[in-house]
Amino acid sequence: RQVEADVVGVDAKDIEAAEQLCQFLRTRLRDDGSIHYTDGPNDVPMQIDPTGINEYPGYALQALAASQRVNPAEWKKEALKRGVKYYHSLFKTKPHLLLAATVGPVAVELYLQSPSPEAAQAAYDIADWLCTAQIALTDPHTPHWAGGFRTVTNPLPSHDVPMTANNAMCIEAIASAYQLTQAT
């Protein structure tokens with residue numbers, strides 16, 4: 001494959017392994033855009049791991065988006081479109097920091113690869129919400145946590161300790177939306 005030769009510093013074995021991962025992920029894709037994120041094909045994911053919906057699908061979509069950039073395929077592009085649409089809709093009804101942090105960058109990558117107003121809107125909606133979830137310097141109860149993100153799904157002021165490792169993911173999602181503003 002010519003694409004493999006064009007990826008500087010990446011071993012062809014790694015690209016092949018990434019494609020194998022994508023083929024596995026392809027078996028987990030649902031027609032509505034959701035991703036079956038538990039092991040058994042007959043599992044009901046929300047019964048086995050109800051919080052997984054906010055994290056695992058975004059990572060799967062990130063893998064597909066990265067692969068699409070390196071080794072494009074129509075099925076990946078369609079999976080990304082359907083996935084961003086599905087999880088943006090879910091996000092609008094049940095916003096969650098991890099869902100925002102994992103799906104926001106996918107919406108940006110989708111737009112950069114295949115511009116669509118829907119992808120841009122998803123990215124901006126997610127980034128706007130993340131900005132409201134940040135702890136403000138003016139919060140008298142937690143000024144030392146300024147810039148961090150609240151642990152709750154509702155971004156209203158609280159005294160919750162910010163999520164530490166996930167703060168970087170949230171910042172990345174906001175930064176990727178900034179990258180989108182430069183492209184639109």
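In short, a report on the structure. Nothing here was measured: the structure is a model prediction, and the numbers come from that model. (Residues numbered from 1 in each chain as written. Predicted model: local features only at pLDDT ≥ 70, side-chain atom pairs only at ≥ 80, totals over all residues. Heavy atoms only, no water.)

1. Brief notes about the pattern of salt bridges
Alright, step 1. Enumeration according to the criterion identifies 3 salt bridges in this entry.
Alright, step 2. Residue Lys76 pairs with Glu19 through a salt bridge whose shortest N-O separation is 2.9 Å. With a gap of 57 residues between them, Lys76 in helix 5 (residues 74-93) and Glu19 in helix 2 (residues 12-28) connect regions that are remote in the sequence. For the pair shown, Lys76 and Glu19 are each scored as buried. (Salt bridge = Lys/Arg side-chain N within 4 Å of Asp/Glu carboxyl O. Helix = DSSP H or I, 4+ residues; strand = E, 2+ residues; numbered from the N terminus. Buried < 20%, exposed > 50% of the residue type's maximum accessible area, 1.4 Å probe, protein only.)

2. Observations concerning the nonpolar core
Alright, step 1. Counting residues in each nonpolar core, the largest one holds 41 residues, and the members touching the most others are Leu61, Leu64, Leu80, Tyr87, Leu97, Trp129 and Leu130.
Alright, step 2. At the level of secondary structure, the elements contributing two or more residues to this core comprise helix 2, helix 4 (56-70), helix 5, helix 6 (97-113), helix 7 (117-133) and helix 8 (165-183).
Alright, step 3. With 11 residues, the single largest contributor to this core is helix 6.
Alright, step 4. Setting aside residues no more than four positions away along its own chain, Leu64 makes contact with Cys22, Leu25, Leu29, Trp75, Lys76, Ala79 and Leu80. (Core = buried A, V, L, I, M, F, W, Y, C linked by side-chain atoms within 4.5 Å. Contact = heavy atoms within 4.5 Å.)

3. Focus: the environment of Met46
Alright, step 1. Assignment of secondary structure puts Met46 in helix 3 (residues 45-48).
Alright, step 2. The exposure class assigned to Met46 is partly exposed, which follows from its relative accessible area of 43%.
Alright, step 3. The spacing of Met46 and His36 is 10 residues in sequence and 9.9 Å in space, taken between C-alpha atoms.
Alright, step 4. Residues within four places of Met46 in sequence aside, it is in contact with Tyr37 and Ile53.

4. A closer look at the environment of Pro105
Alright, step 1. Relative to the helices and strands, Pro105 resides in helix 6.
Alright, step 2. Given a relative accessible area of 15%, Pro105 falls into the buried group.
Alright, step 3. It is 8.9 Å that separates the C-alpha atoms of Pro105 and Gly58, two residues lying 47 residues apart in sequence.
Alright, step 4. The contacts of Pro105, once residues within four sequence positions are left out, are Gln62, Ala100, Ala173 and Ser176.

5. Things to note about the packing of aromatic side chains
Alright, step 1. For the structure on display, the rule yields 3 aromatic pairs.
Alright, step 2. Residues Phe91 and Trp129 carry aromatic rings whose centres are separated by 5.4 Å and whose planes lie at 90 degrees to one another, so their mutual orientation is edge-to-face. One end of the pair, Phe91, is in helix 5; the other, Trp129, is in helix 7, and 38 residues separate them in sequence. Exposure class is identical for Phe91 and Trp129. Each is buried. (Phe/Tyr/Trp six-rings, centres within 6.5 Å; stacked < 30°, edge-to-face > 60°.)

6. Digging into the side chain of Ser34
Alright, step 1. Here Ser34 shows up in the loop between helix 2 and helix 3.
Alright, step 2. In this structure the side chain of Ser34 is engaged in a polar contact, spanning 2.6 Å, whose partner is the side chain of Asp32.
Alright, step 3. Excluding its chain neighbours within four sequence positions, the residues that come into contact with Ser34 are Arg28, Leu29, Tyr86 and Tyr87. (Polar contact = N/O pair within 3.5 Å; in protein donor to acceptor, adjacent residues only side chain to side chain.)

7. Topic: the packing of helix 7 against helix 8
Alright, step 1. Remark: helix 7 packs on helix 8, axes separated minimally by 9 Å, with the N-to-C direction vectors making an angle of 135 degrees. If you check the angle between helix 7 and helix 8, you find them oblique. Viewed along their axes, helix 7 and helix 8 form a crossing whose handedness is left-handed. Contacts between helix 7 and helix 8 involve Ala120, Ala123, Tyr124, Ala127, Leu130 and Cys131 from the former and Cys170, Ala173, Ile174, Ala177, Leu180 and Thr181 from the latter. (Axes fitted to C-alpha atoms, helices over the stretch in contact; angles between N-to-C directions. Parallel < 35°, antiparallel > 145°, perpendicular 65-115°, else oblique. Left-handed = near helix turned anticlockwise from the far one by under 90°.)

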